[in-house]
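# Fold and contact review
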Amino acid sequence: MHLLFVCTGNVCRSPIAERLATTWLGETTGCPRHGDEVRISSAGVRATDGDPMDPRSAAALVELGGAPRDFRSQRLTPELAVSADLVLTMTRRHRRSTLELTPRGLRRTFTVNEAADLLRSADLSGLDRLPPEARTRELGIRLDAQRKWRASSGDDDIEDPIGRRLPVHQQVANTIAAALRPLTDVLFGCAHTGPSLLARD
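Residues numbered from 1 in each chain as written. Predicted model: local features only at pLDDT ≥ 70, side-chain atom pairs only at ≥ 80, totals over all residues. Heavy atoms only, no water.

### Brief notes about the overall build of the chain
A tally of helices and strands in the chain yields eight helices and six strands. Counted from the first residue to the last, the chain has its helices and strands arranged as β-α-β-α-β-α-α-β-α-β-α-α-α-β. Scaling as 2.2 N^0.38, a compact globule of 201 residues should have a C-alpha radius of gyration of about 17 Å, and the chain matches this with 15 Å. C-alpha atoms of the chain, sized along the principal axes, occupy 45 × 35 × 35 Å. The buried share of the chain, reckoned over its 201 residues, is 52%. Across the chain, every contact between residues at least 6 apart in sequence was considered, and the portion connecting residues at least 24 apart equals 74%. Surface summary for the chain: the accessible area is close to 9,500 Å², and the carbon and sulfur share equals 49%. For the chain, the centre of its 28 positive side-chain charges and the centre of its 26 negative side-chain charges are spaced 3 Å apart. (Helix = DSSP H or I, 4+ residues; strand = E, 2+ residues; numbered from the N terminus. Rg over C-alpha atoms; globule rule 2.2 N^0.38 Å. Buried < 20%, exposed > 50% of the residue type's maximum accessible area, 1.4 Å probe, protein only. Contact = heavy atoms within 4.5 Å. Areas by Shrake-Rupley, 256 points an atom, 1.4 Å probe, with all protein chains shown as cover. Lys, Arg positive; Asp, Glu negative; His and termini not counted. Charge placed at Lys NZ, Arg CZ, Asp CG, Glu CD.)

See below:
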């Protein structure tokens, strides 16, 4: 399973998502092979390779239990986009930029908020019985099947906190966490020790 997060500079939003997902994967129980079967990464459509996380986003990440240590940014490439089984972007513009690099990737490319919303109505039956890579690709197919019932809007975008005060970074981190947790609950398919943020109507 390769789960890829995408934003602009790969120093705020997508690193928060990457490191939260990595932390939550580490909390799963009863899945000893997950560490070998799951790759979680992030990239930026205009990133400079090798930058650390923005200090304010790093602080917001730590408050949610994630670890920014040793993070380094990387630019999104066609090879990276194609290698991912599921791509979760921070905005619709990032989604378009990713699809320009991998035009056949529509069924596995979503904004984080879009995917979380689609998850509420998607058929999730049997996903927990699939191995990680197959589960990830199948989830993308099932989320994509729900798109015809849902209009895309500005609510699908998560704002860029770069250059702004710590409270904005904290708000953005909380927004990412709330959208991402239900998705990782399904993707990782195991019990986790932390609280679930999954809420269904």
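Moving on, there is more to tell.
### Side note on the pairing of strand E4 (residues 86–89)
Judged by which residues are buried, E4 turns out to be covered on both faces: Leu86 and Leu88 on one side and Val87 and Thr89 on the other are all buried. With four bridges joining them, strand E1 (residues 2–7) and E4 adopt parallel strand pairing. Among the inter-strand pairings, Phe5 is bridged to a residue of E4, identified as Leu88. Pairing of E4 with strand E5 (residues 109–111), which is carried by three bridges, proceeds in the parallel orientation. When the sheet's bridge partners are listed, Val87 is paired in E5 with Thr109. On the question of chirality, the crossover connecting E4 to the parallel E5 by way of helix H5 (residues 92–101) is right-handed. (Pairing = 2+ DSSP bridges. Right-handed = clockwise from strand over helix to strand, strands pointing away.)

### Regarding unusual backbone geometry
Phi is positive for Asn10, which is not a glycine, with a value near 55 degrees. Here Asn10 lies in the loop between E1 and helix H1 (13–27). One non-glycine residue, Asp70, lies in positive phi territory at about 70 degrees. Tracing the chain through its elements places Asp70 in the loop between helix H3 (55–63) and helix H4 (78–83). Given the relative accessible area of 63%, Asp70 is considered exposed.

### Brief notes about the pattern of salt bridges
In this structure the tally under the stated criterion is 18 salt bridges. Across the pair Arg147 and Glu114 runs a salt bridge, and its minimum N-O distance is 3.0 Å. Residue Arg147 is found in the loop between helix H7 (132–145) and helix H8 (166–188), and its partner Glu114 is found in helix H6 (residues 112–119); the two are separated by 33 residues along the sequence. Exposure remark for Arg147: the relative accessible area of 16% places this residue in the buried category. For Glu114, a relative accessible area of 4% translates into the label buried. (Salt bridge = Lys/Arg side-chain N within 4 Å of Asp/Glu carboxyl O.)

### Considerations on the pairing of E1
Across the six residues of E1, six count as buried, placing the element largely inside the fold. Neither face of E1 is open: one carries His2, Leu4 and Val6, the other Leu3, Phe5 and Cys7, and all of them are buried. Pairing geometry for E1 and strand E3 (residues 39–44), over six bridges, is parallel. Within E3, the position partnered with His2 by the bridge is Arg39.

### Describing H5
Counting along an α-helix, one turn takes 3.6 residues, and residues three or four places apart therefore face a common direction. Turning to H5, its buried residues number three or more, namely His94, Arg95, Thr98 and Leu99. Looking down the long axis of H5, one finds its buried residues gathered within 135 degrees of arc, a one-sided arrangement. Those residues of H5 that are exposed and aimed more than 90 degrees away from the buried face are Arg93 and Glu100. Where H5 is buried, its residues touch E1, H1, H4, E4, E5 and H6. Two to three positions downstream of the cap, the backbone nitrogen of Arg93 sits 3.3 Å from a side-chain oxygen, assigning the N-cap of H5 to Thr91. (Arc of directions from axis to C-beta. Polar contact = N/O pair within 3.5 Å; in protein donor to acceptor, adjacent residues only side chain to side chain.)

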